[in-house]
2 protein chains.
Amino acid sequence: MADRSTNEEQSQSIINLPKVLLHGPPGFSSLLQPPYSLKFHILNNASLPLHHFLANHAHLCSSVAAVLCDGGYPITTDLLSLLPSLRLVVTSSAGTDHVDLEECRRRGVRVAGAGNIFSQDVADLAVALLIDVIMKISAADGCLRKRHGLSWRDFPLGSKLTGKKVGIVGLGKIGLEVAHRLEAFDCMISYNSRSKKPFVSYPFYSSVVELATNSNVLVLCCALNDQTRQMINREVMLALGKGGVIVNVARGALIDEKDLLRCWLEGEIGGAGLDVFENEPLDCEELFSLDNVVLSPHAGFSTLESYIGICQLVGRNLEAFFSNKPLISPVI
Amino acid sequence: MADRSTNEEQSQSIINLPKVLLHGPPGFSSLLQPPYSLKFHILNNASLPLHHFLANHAHLCSSVAAVLCDGGYPITTDLLSLLPSLRLVVTSSAGTDHVDLEECRRRGVRVAGAGNIFSQDVADLAVALLIDVIMKISAADGCLRKRHGLSWRDFPLGSKLTGKKVGIVGLGKIGLEVAHRLEAFDCMISYNSRSKKPFVSYPFYSSVVELATNSNVLVLCCALNDQTRQMINREVMLALGKGGVIVNVARGALIDEKDLLRCWLEGEIGGAGLDVFENEPLDCEELFSLDNVVLSPHAGFSTLESYIGICQLVGRNLEAFFSNKPLISPVI
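Please read these numbers as outputs of a predicted model, since none were measured by experiment.

**Description of the overall build of chain A**
Working step 1: In terms of regular secondary structure, chain A is built from 13 helices and 11 strands.
Working step 2: The principal-axis extent of the C-alpha atoms belonging to chain A is close to 80 × 50 × 35 Å.
Working step 3: Among the 332 residues that make up chain A, the fraction classed as buried is 55%.
Working step 4: Counting only contacts in chain A whose residues sit at least 6 apart along the sequence, the fraction spanning at least 24 positions is 59%.
Working step 5: Element-wise, carbon and sulfur atoms account for 52% of the exposed surface of chain A, whose accessible area totals about 14400 Å².
Working step 6: Charged side chains in chain A number 29 positive and 34 negative. The centres of these two groups are separated by 5 Å.

**Overview of helix α13 (residues 304–322) of chain A**
All names here are of chain A.
Working step 1: In a regular helix each residue adds 1.5 Å, so 19 residues correspond to 27 Å; α13 covers 28 Å between its end C-alpha atoms and thus fits that length.
Working step 2: Buried residues of α13: Ser306, Gly309, Ile310, Cys311, Leu313, Val314, Gly315, Asn317, Leu318, Ala320 and Phe321, and no others.
Working step 3: Here the buried face of α13 lies against β1 (19–23), β3 (64–69), β4 (88–91), β5 (110–112) and α6 (119–135).
Working step 4: At the exit of α13 stands Asn324, carrying a positive phi of roughly 60 degrees.

**Focus on the domain arrangement of chain A**
Residues and elements named next belong to chain A.
Working step 1: Entries for chain A in the domain assignment read domain 1 (2–117 + 304–322) and domain 2 (119–295).
Working step 2: The centre of domain 1, based on its C-alpha atoms, is set 35 Å off from the matching centre of domain 2.
Working step 3: Each partner contributes to the interface: domain 1 provides 6 residues, whereas domain 2 provides 5 residues.
Working step 4: Taking both partners together, domain 1 and domain 2 bury about 510 Å²; carbon and sulfur atoms supply 37% of that area.
Working step 5: The three residues of domain 1 that bury the most area against domain 2 are Asp97, Asn116 and Ser306, which together make up 73% of that side's buried surface.
Working step 6: Taken together, domain 1 and domain 2 are joined by 1 salt bridge.
Working step 7: With its nearest N and O atoms 2.9 Å apart, the salt bridge here joins Arg251 to Asp97.

**Considerations on the pairing of strand β6 (residues 165–169) of chain B**
All names here are of chain B.
Working step 1: Extensive coverage of β6 is indicated by the burial of 4 of its 5 residues.
Working step 2: As judged from the 5 bridges shared by β6 and strand β7 (residues 188–192), these two strands associate in the parallel manner. When the sheet's bridge partners are listed, Ile168 is paired in β7 with Tyr191.
Working step 3: Handedness of the crossover joining β6 and β7 through helix α8 (residues 173–183) is recorded here as right-handed.

**Comments concerning the relation of the copies chain A and chain B**
Working step 1: Between chain A and chain B, which share one sequence, the superposing operator has a rotation angle of 180 degrees and an axial displacement of 0.0 Å; the RMSD is 0.0 Å. Taken together, the rotation and translation relating the two chain copies correspond to the operation of a two-fold axis.
Working step 2: In this assembly the copies share their binding face: 100% of the residues contributing to the interface of chain A also contribute to that of chain B.

**So, the sheet that holds β6(B)**
All names here are of chain B.
Working step 1: Read from one edge of the open sheet, 6 strands run β7-β6-β8-β9-β10-β11, paired in parallel fashion. Unpaired on one side and paired on the other, β7 and β11 (293–295) mark the two borders of the sheet. Looking at each pair of strands side by side, their axes are set apart by 15 degrees on average, direction ignored.
Working step 2: Pairing between β6 and strand β8 (residues 217–220): 4 bridges, direction parallel. Bridge pairing in β8 places Gly167 opposite Leu218.

**Observations concerning the pattern of salt bridges**
Working definition: two side chains of opposite charge can pair if their charged atoms are close together.
Working step 1: All told, the structure shown has 24 salt bridges over all chains when counted by the stated rule.
Working step 2: Residues Glu103(B) and Arg107(B) are paired through a salt bridge, measuring 2.9 Å at the closest nitrogen-oxygen approach. In this pair, Glu103(B) and Arg107(B) are both assigned in helix α5 (residues 101–107), 4 residues apart and thus about one turn of the helix distant.
Working step 3: Glu103(B) gets classed as buried once you look at its relative accessible area, which sits at 11%.
Working step 4: Owing to a relative accessible area of 34%, Arg107(B) belongs among the partly exposed residues under this scheme.
Working step 5: As a salt-bridge pair, Arg262(B) and Glu266(B) come within 3.7 Å of each other at their nearest N and O atoms.
Working step 6: Where salt bridges share partners, they join Asp124(A), Lys173(A), Glu177(A) and Arg181(A) into one cluster.

So, how was this worked out
Residues numbered from 1 in each chain as written. Chains lettered and ligands numbered in written order. Predicted model: local features only at pLDDT ≥ 70, side-chain atom pairs only at ≥ 80, totals over all residues. Heavy atoms only, no water. Helix = DSSP H or I, 4+ residues; strand = E, 2+ residues; numbered from the N terminus. Buried < 20%, exposed > 50% of the residue type's maximum accessible area, 1.4 Å probe, protein only. Contact = heavy atoms within 4.5 Å. Areas by Shrake-Rupley, 256 points an atom, 1.4 Å probe, with all protein chains shown as cover. Lys, Arg positive; Asp, Glu negative; His and termini not counted. Charge placed at Lys NZ, Arg CZ, Asp CG, Glu CD. Expected span 1.5 Å × (residues − 1). Domains from an automatic or database assignment. Buried area = accessible area lost by both parts, 1.4 Å probe. Salt bridge = Lys/Arg side-chain N within 4 Å of Asp/Glu carboxyl O. Pairing = 2+ DSSP bridges. Right-handed = clockwise from strand over helix to strand, strands pointing away. Least-squares fit on C-alpha atoms with pLDDT ≥ 70 in both. Axes fitted to C-alpha atoms, helices over the stretch in contact; angles between N-to-C directions.

In structure tokens:
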């Protein structure tokens, strides 16, 4: 009897906590761990498609106060309209292109993101992908394991990173981290961005075609939005030139993948290092067949240290919001 | 008749040029190109084992004035004793462990090397191998191509480069280039070397075990000699610890590969990025089977720019020597 009443008390006390709906892949609930997970009433939809879950839990959903979502799980107008009490969206991703920010703003829903948690890892990955492509590291590793006894003479010569003209598309936190690293490799940095940054001396190009014309390498670090979707198209690739390399650690849809494949087949582009793709998980036969492209599974943020960091950050954002304190990493 | 006499004159004039014996793999002769190749009488042994070639060409060999050799082709006491007129060895490699420097010194034979031609490329490769191992880039690329539809959640988490304690073994030109690059990744650099360098502020450890104890990563950049052969043994690996990573861009024999394999199988080491091996070309089944090791075919120098650079450098060294000018990149 004592146990039952304790359980009931516990249930009652959980019910009184702010309701947080998890909107992510299986296993996503591990993102919210004690002590933070104990401070909220967690609704976990991972076992059901979201619309089923919402239909089955209408009584709870009407009082959902926050959504914690993954980058691959959209926060649409439709979803927002099903959650009338929603006041906060926390996304565990650096990008926010999956969140309808305008609709959130209109409804007075605050949004918190990953802040700069992943910036260093993503920049590290960008540099590694770039060196990998131009020095053919993954390709050599794969060949060595398949055909033993090969020496460097069995491989085409790579290219030198030192002195390369690197155009950074999007000079936010990640772009700046990439620039900082590549300066140590004596690369010449220039950039394209919505506007010229007063705090850096790198040459600025207002047009990405112009940036490509003046670069050996493009590193994509910008946000995905209506202005940037498929901005890296055939025209940009031709401007970059036959030996040109594209590294994408931002969002897959920044690149017109059909144009990339065509330019590749026509020998109009030198290589690419891609951590992100138009459709993820990646399942594009043509991309798998390219031999001067290094593929990575949207892994720019998947280090143990950053995972621990994002677990704490999402918890701290939720806690701050419901304690009427400023968000730790606000988006809007 | 006119043609024949021209040919004879040409042959006669070639015979009067300084004789340079090429000691390298098939295709090695492409290293010495015009205008330099026209200034010497080139003896190319590539089609025959060297001792056969020397036996068949005793009349020429007695007057060989210079040897141009590749890093994999030793200049031994035996070879030196077969070339009584030898005055110069030019090696196209950064390392000189294949040249018996003591015997050269004794015989008054000068030696020229690759100088710093490859330093930047080798440092770039060291950084790329390090990020590749800790962020599992080649491994992910290989998996993605084999099993479609994978996402980052299908891979173990990597580790963050930022803040890693990197111990550099050998703080010569390459070691300094590695340190400079890794500072831009906010790594904490320390080093082991024959002696403390007065011009850097990085912490110095006179013992490589002590360096390993205080590091997450070891990057090997030192020369191979009797003091350094197999210096990276089980004791060093245990000091580095279970999560530790070893990157070797110097010489394979710096590492005791048997100890590396054993430590790997026992889970005593985190991973390795290896551009060089005890035996090259690499043909070690056990190494091929390791999944947190990135393999590269001694490719630290194989960029187009560096190849062009070394072609010019070996030619310029030969030209300088036979014009009684100082060597461009002297070793002794």
